[in-house]
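Structure assessment
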Amino acid sequence: MLNYFITALFWLATFILLVGLWRRAQLWRNGQAAEWKLTQLFTIPKRYFVDLHHVVAREPYIARTHVATAGGAVAAIALVAINYGLMLYSTMLNWAIVIATCIMFIGAFFVWLRRTSLITNQPPSRLSKGNWSRLPYSLLAFSLGLLLLTLPITTLSNSIAVIAALLLLAGSAELALGIGMGGPMKHAIAGLLHLAFHPRQERFNDQLSTALKPLNLQEKEFGINKPSDFNWNQLLGFDACVQCGKCEAACPAFAAGQPLNPKKLIQDLVVGLSSGTDASFAGSPYAGIPVGTHAGSPNQAIVPALIEAQTLWACTTCRACVQECPMLIEHVDAIVGMRRNLTLTQGSAPNKAPQLLENLRQTANQNGEDNLARYYWAIDLDVKTISPITPVDVLLVAGEGAFDMRYQRTLRALVKLLKAAKVDFAVMGALENDTGDTARRLGDEATFQMLAKRNIANFNTLKFKRILTADPHVLHCLKNEYPAFGGHYEVLHHSTFLAQLVANGALKLSKSTETRKLTYHDPCYLARYNNETKSPRALLKSIGLRVNEMERSGLRGRCCGGGGGAPLTDIAGKQRIPDIRIADARSIGAEVVAVACPQCTAMLEGVIERPEVLDIAELLAASLVVASSAVTGLVIESTVVAA
Amino acid sequence: MTDSLKRIAVLVSAGKHPVSGQPRHCRNDSLALQMGLNLANDILVLHAGESENPALQDYLALGAPQINVIPTTDNIVNNLATQLTNTDLILSGTRAENGDDSGLLPYLLATKLNLALVADVVEIKAYENKIEILQFLPKGRRRRVTVCLPALVVVHPSAAVTLNFIHARQNLGSISTLSASNFDAKHSQSDLKQWHTCPARKPIKLAASRTLTGHERLMAAISSKAKGGAVVNEGNNVEKAQVILDYLREHQLIDF
Amino acid sequence: MTTRINPHRQAQVSADDLKREPATIKRIVLSKAQIAVEAHPAKWLRTLSKPKARLLVIAHSDRGAVDDHALQAIAAAAILADAETAVVALILGELNDNLINESLKQAGADEVLVLPSLDFQVFQPDIELSAILSMIESLKPSRIFMPDNLIGDGSLGRRLIANKQLTAATHVIEIDANHVASAQTGGSLLAISELPEVILLSPNTVESELPFTGKATRIEAPKIIIENSQNTVTYQDLGMQGSKAENIALEDADFIVSAGNGVQNLDTLANLANALSASIGASRVVTDGGRLPRSKQVGATGKTVTASTYMAIGISGAVQHLQGIKDCRHVIAINKDASAPIIKRADLSIIGDAEEVMQALIAEITKAKVGAP
């Protein structure tokens, strides 16, 4: 009797699940076409157990409970499928089901425990409530019900059997009905499919995949206006979100009280793809924007009905959310996609952003300067300027920081190091245009492509082996984003290049005289965008400096607030992001913050009470062994200015 | 938006970035364009110059639905006037930024067409046969004036309109050249004296030549060397306040 | 001492963005006696001979006074005039008192004509044009000088040029006996020509401090019959708009008092602003702390202001802040710390407690206003 009940329930649930999935798939299919192959499904196990688990394992507690819960559930359901679906009713298999459900029950118990106040004072605020609070109970009900009903030892009393059946029914509803209706368990199916059809397949081949995808402007591709403008696999990706809030906890804009929460953003897009309002969202809201006032549907413009523009403009594109996301969702692609539409079709980037974009269009630099002035800092340093008839080994591309008198000290220090290491190098001079990094992050793909094409045309007239830059934004653009426009170069960040010079003995440095407590701030565009966290630390170590790590460092470092054009769009919050970052440094008692990016330097130096901010190149230059008169002069000058 | 205006025309000139020399829209004219767009969808945008000038692409992105290019023969005023005979309202920027940017063209045109003219306009409301404008005056002052149509309005750089550079609009707008035969190609006598240009330098201030006494020379030498501001460290608060008042009075920054 | 200029500042160069001169007068004169000595050095009368020709300067008065810019136009004419040429100042609008006449004299005006009904506050361009046309008719000047300003002279001058088809130079930033020059292409070119019939002068093109004076004889303006029916049909002046200091955009404000971290009591600041009819600004720290709205923030990330007077109270003067006030003519700092960067930028610095100095200043202003006529 019970056996038939379970069999019937299994097939009914399977049917409901398939119907639900089919309906959900129709929603994904509202998106734009993207290349996919059915065989990608075979990649799921590796991607799940290796790539995804690599992220989840950063939090061992949840990793273990998830292994138990999901593993138990998958095993139990598979066994039910065999034993009851195929009507074998084997006692042996029932024992196996009992073991699987026990494991699932224990896992679900710990899931529940985390959400109560029993072991921790408070469940983390990043977790969503609402139907996600229901989930542990559903899972407990499912596992307990199944456990009781499949226990092969005793015949259950009728009342217990009825209760067990009801528990199983409730649990199955969550699993079968819930998925189709967009309940929390949809993450299981959408998540697995998302792994297979992820929009950035390179991520799973150990390749860096941080470059934005170009728009075909001639074909009038102007970014994301409505949810159905996303590719179908991006929509699928949003559906995979488990609302764990790790993105929220990592987001610098959220921490600063700006109206952005990456978790809510993804959920809003889920609302958009499935039509509805954000009223049922049960997590942290965007600061200052009440939940329940926005709605969307696949063919309705996202801004402002579903998401306010200020939410999109608050993002620093630091990729901390992407780095943290256990479901490997690409938040930054979504945000820049929507920004592109605002900028290209409404021209509505806020505050100082339009002026900067205009300057870029009219002068190819951000502040309307004379491009000749970019290398004025090098005039007295006897530095070669490249020309089509003077081939060099290393081409130094200074970037926008070159106009900044503060960052010029870093560049001068770098030049000094290059000369000491007898590197054959030249600067780009007036041929250099802004890389277009900021324009691209601000959604102005047209200006970015114009600048990229100009730069590539200029590079093509020159002969050099590699490009060196002290600006991680330049690094990212040239190295990762220019290839899509036919510009393929070996591009090195100065920390990487200097580390090579130190390692091969070309650059000889003495122990640093710096005695103050030092920390290193990882630039997002160097660490997360280019996976370079070792060279800066190796360099500091090579001159005898110990790096006291801040709580958030390396690939998980906290943004300075300077990326993505955020200082220009300047969305109001309760705090400023660089203040938070300096607080990080002060909390470990750091007196010197080593940096490796002009944006970080400017942002962190903008904080009034702070440790000293010094670029790696400046720290190294102070430890240079060679003593020529010109070099000494430089040391004196930089010390004076620093003081 | 209003239906009461028969026809609105906006004059746009080709600008040039002062540093890079790159062609661009002239911001002052763009403000006039945006003001025109705020009044009506269908406006006549006129440019005297080359249709290939990349600056015109900027105006498309800034909202010009179509730009009519008039060839530059010697008498731009006459050429423009022939296109503007049946126009209710002509808008232009205060000053071009390329070539002869004297700010005279609107005045010459208004005189030629016998139009009313208001300058330094920051806001326009349109009514039947007339417009009400808000005029910029220095130190935060503003004046409201109604002007009977037809009229020419010169827009002030601080006009309360937002420029939206929208890339997608570049594809929507079009540029057409009006054939030269329609125009008065006769050389009219240029009423300005010959100008020649040279790269900018610091202008020399006109001052009366004078013979100085020894004491005056001494005083001049001392005062010109006094760089950096005065710092008042001592005295009580009333005295300090008095110093500030004296300073403000000395430089006529207050009138009490 | 090198001043750091942030290259990230927002440059917005339009044709009207002429670079301002940095403050040239940086010396304060504390004693009254010294002022007297400096204001009236011995000067001679420029010309005694009977005039054979005239240079005409036309300018509006503003609330009864003639501003620096107009005086510079008069001085230009006086410097360029020969001994047999008289400088005639035609003032449109009221003139308040003899002091103003004295300033016209100091600027070199030989004859002064006043048309009080043509105040700049009333918009009557056609009447003004026909008035000056008939004045020109009767005076037959060899050249006309006007300040190229926004209180009506720039516009009136252009109407005149267009109407009479005169040779002209506008936005003139350099002038001498042989040539005039204007900035072109947003200031990257200088256009040069010989002296035309009408010259519209930009501010600070001429040193109005002269070693000589004019006679400044007040002349009864000839009766002008003005055909004013056309004007009233075409233009209807609805009046000036009340513009309280707090309503003026910071960018447009002429007088700003700005609060920094050193200001504890913003009410005192508001009172001071009120007493001085000034707009209120703030440093980043103050707006970040939510004590004043972000729209009040002055600096690289906030507003760039061009006020004639900028009073920085309790503001240390971070680089970003100094960038925002780089075009302010007179910067007055009130600060506790004499080593703050703002002190180096300020034309006058008062070292002291912000609250106390503000209170004292409010009291002095109140006293002065009561005492003033």
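Here's what I pulled together on the structure shown here. (Residues numbered from 1 in each chain as written. Chains lettered and ligands numbered in written order. Predicted model: local features only at pLDDT ≥ 70, side-chain atom pairs only at ≥ 80, totals over all residues. Heavy atoms only, no water.)

Turning to the overall build of chain C, a few remarks are in order. Within chain C, the secondary structure is distributed over eleven helices and 17 strands. The burial tally for chain C puts 55% of its 373 residues in the buried class. (Helix = DSSP H or I, 4+ residues; strand = E, 2+ residues; numbered from the N terminus. Buried < 20%, exposed > 50% of the residue type's maximum accessible area, 1.4 Å probe, protein only.)

The subject of this paragraph is the packing of aromatic side chains. In this description, an aromatic ring pair is defined by two values, namely the gap between the centres and the angle between the planes. Applying the stated criterion across every chain, the model contains 20 aromatic pairs over all chains. Both rings, one in Tyr4(A) and one in Tyr89(A), keep their centres 5.9 Å apart while their planes meet at 90°; by these two values the pair is edge-to-face. Of this pair, Tyr4(A) sits in helix 1 (residues 2-28) while Tyr89(A) is found in the loop between helix 3 (60-85) and helix 4 (91-115), placing the two residues 85 residues apart along the sequence. What makes Tyr4(A) exposed here is its relative accessible area of 54%. Taken together, a centroid distance of 5.2 Å and an interplanar angle of 90° make the contact between Phe123(C) and Tyr235(C) edge-to-face. (Phe/Tyr/Trp six-rings, centres within 6.5 Å; stacked < 30°, edge-to-face > 60°.)

On to the nonpolar core, then. Phe230(A), Phe238(A), Ile302(A), Ile307(A) and Met338(A) are the most contacted members of the largest nonpolar core, which totals 88 residues. In terms of nonpolar packing, the next biggest core, distinct from the first, is built from 69 residues, Leu395(A), Ala398(A), Ile467(A) and Phe485(A) among them. (Core = buried A, V, L, I, M, F, W, Y, C linked by side-chain atoms within 4.5 Å.)

What follows deals with unusual backbone geometry. With an omega of 0°, the peptide bond between Val303(A) and Pro304(A) qualifies as cis. Relative to the elements of secondary structure, Pro304(A) occurs in the loop between strand 2 (295-296) and helix 12 (309-313). For the bond from Leu149(B) to Pro150(B), the omega torsion is 0°, close enough to zero to count as cis. You can see Pro150(B) is positioned in the loop between strand 9 (142-148) and strand 10 (151-155). Despite not being glycine, Leu328(A) shows a phi value in the positive range, around 55°. Tracing the sequence through the fold places Leu328(A) in the loop between helix 13 (320-324) and helix 14 (331-346). The exposure class assigned to Leu328(A) is buried, which follows from its relative accessible area of 3%. Phi at Asn129(B) takes a positive value of approximately 65°, unusual for a residue other than glycine. Position of Asn129(B) among the secondary structure elements: in the loop between strand 7 (116-127) and strand 8 (130-136).

On to the environment of Pro326(A). Residues and elements named next belong to chain A. Tracing the sequence through the fold places proline 326 in the loop between helix 13 and helix 14. Expressed as a C-alpha distance, the spacing of proline 326 and cysteine 244, which sit 82 residues apart in the sequence, is 8.5 Å. Discounting chain neighbours no more than four positions away, the residues touching proline 326 are Leu52, Val55, Val56, Val242, Cys244 and Lys246. (Contact = heavy atoms within 4.5 Å.)

Attention now moves to the environment of Val607(A). All names here are of chain A. You can see valine 607 is positioned in the loop between helix 25 (598-605) and strand 9 (612-615). Separated by 26 residues in sequence, valine 607 and arginine 581 have C-alpha atoms that sit 9.6 Å apart. Setting aside chain neighbours within four positions, we find valine 607 in contact with Pro578, Asp579 and Ile582.

Moving on to the environment of Leu31(B). All names here are of chain B. By secondary structure assignment, the location of leucine 31 is in helix 1 (residues 27-39). Taking the C-alpha atoms as reference points, leucine 31 and glycine 93, 62 residues apart in sequence, are found 7.0 Å from one another. Those residues within four positions of leucine 31 in sequence are excluded, and the remaining contacts are Val155, His156, Pro157, Val161 and Leu163.

This part covers helix 22 (residues 534-542) of chain A. All names here are of chain A. Here helix 22 has its buried residues at Ser535, Pro536, Arg537, Leu539 and Leu540. Residues of helix 22 that are buried sit in contact with helix 20 (494-503), strand 7 (518-520), helix 21 (524-527), strand 8 (592-595) and helix 26 (616-621). Directly after helix 22, the chain includes glycine 544, whose backbone phi takes a positive value near 75°.

Across the sheet, ten strands lie side by side as 11(B)-5(B)-4(B)-1(B)-6(B)-10(B)-7(B)-8(B)-9(B)-12(C); this open sheet has mixed pairing. Only two strands of the sheet have a single neighbouring strand rather than two, namely strand 11 (174-177) of chain B together with strand 12 (235-241) of chain C. Averaged over neighbouring strand pairs, the angle between their axes works out to 35° when direction is ignored. The pairing of strand 7 of chain B with strand 10 of chain B spans four bridges and is classified as parallel. When the bridges of strand 10 of chain B are listed, Leu117(B) appears paired with Leu152(B). Against the sheet, helix 1 of chain B engages strand 1 (8-11), strand 4 (43-48), strand 6 (89-93), strand 7 and strand 10 of chain B, with an angle of about 150° to strand 6 of chain B. (Pairing = 2+ DSSP bridges. Axes fitted to C-alpha atoms, helices over the stretch in contact; angles between N-to-C directions.)

What follows covers the interface of chain B and chain C. Many analyses report the size of an interface as the accessible area lost when the parts associate. On the side of chain C, 106 residues touch chain B, which itself brings 90 residues to the contact. Summed over both partners, the interface of chain B with chain C buries about 8,600 Å², with 60% contributed by carbon and sulfur atoms. The residue Asp62(C) makes a salt bridge to Arg141(B) at a minimum N-O spacing of 3.0 Å. If you look at where chain B meets chain C, you find 26 residue pairs in polar contact (both at pLDDT 80 or more). In terms of residue class, the side of chain B that touches chain C is made up of 42 nonpolar, 23 polar and 25 charged. (Buried area = accessible area lost by both parts, 1.4 Å probe. Salt bridge = Lys/Arg side-chain N within 4 Å of Asp/Glu carboxyl O. Polar contact = N/O pair within 3.5 Å; in protein donor to acceptor, adjacent residues only side chain to side chain. Nonpolar A, V, L, I, M, F, W, Y, C, P; charged D, E, K, R; others polar.)

If you walk across this open sheet you meet the ten strands as 12(B)-8(C)-7(C)-6(C)-9(C)-5(C)-2(C)-3(C)-4(C)-11(C), and the pairing is mixed. What marks the edges here is a single partner per strand, and that holds for strand 12 (196-199) of chain B together with strand 11 (217-219) of chain C. Strand after strand, the sheet turns through a mean of 35° between neighbouring axes, direction not considered. As paired elements, strand 2 (residues 53-60) of chain C and strand 5 (residues 143-147) of chain C share three bridges and run parallel to each other. Note on strand 5 of chain C: the bridge partner recorded for Val57(C) is Phe145(C). The strands touched by helix 2 (residues 68-80) of chain C within the sheet are strand 2, strand 3 (85-92), strand 5, strand 6 (168-175) and strand 9 (198-201) of chain C, with strand 5 of chain C carrying the most contacts at an inclination of about 155°. Here helix 4 (residues 125-139) of chain C sits on the sheet and contacts strand 2, strand 3, strand 4 (111-115) and strand 5 of chain C; the angle it forms with strand 2 of chain C, its principal contact strand, is near 165°.

Another aspect to go through is the packing of helix 5 (residues 131-150) of chain A against helix 6 (residues 158-180) of chain A. All names here are of chain A. Where helix 5 meets helix 6, the closest approach of the two axes is 7 Å, and the angle between their N-to-C directions is 135°. Comparing the axis directions of helix 5 and helix 6 gives the class oblique. Handedness of the helix 5/helix 6 crossing: left-handed. Facing Arg134, Leu135, Ser138, Ala141, Phe142, Leu144, Gly145, Leu146, Leu148 and Leu149 of helix 5, the residues of helix 6 in contact are Ile160, Ala161, Ala164, Ala165, Leu167, Leu168, Gly171, Ser172, Glu174 and Leu175. Grouping the amino acids of the contact of helix 5 with helix 6 by side-chain chemistry returns 14 nonpolar, four polar and two charged. (Parallel < 35°, antiparallel > 145°, perpendicular 65-115°, else oblique. Left-handed = near helix turned anticlockwise from the far one by under 90°.)

Read these as layout, nothing more, since geometry by itself doesn't imply function.
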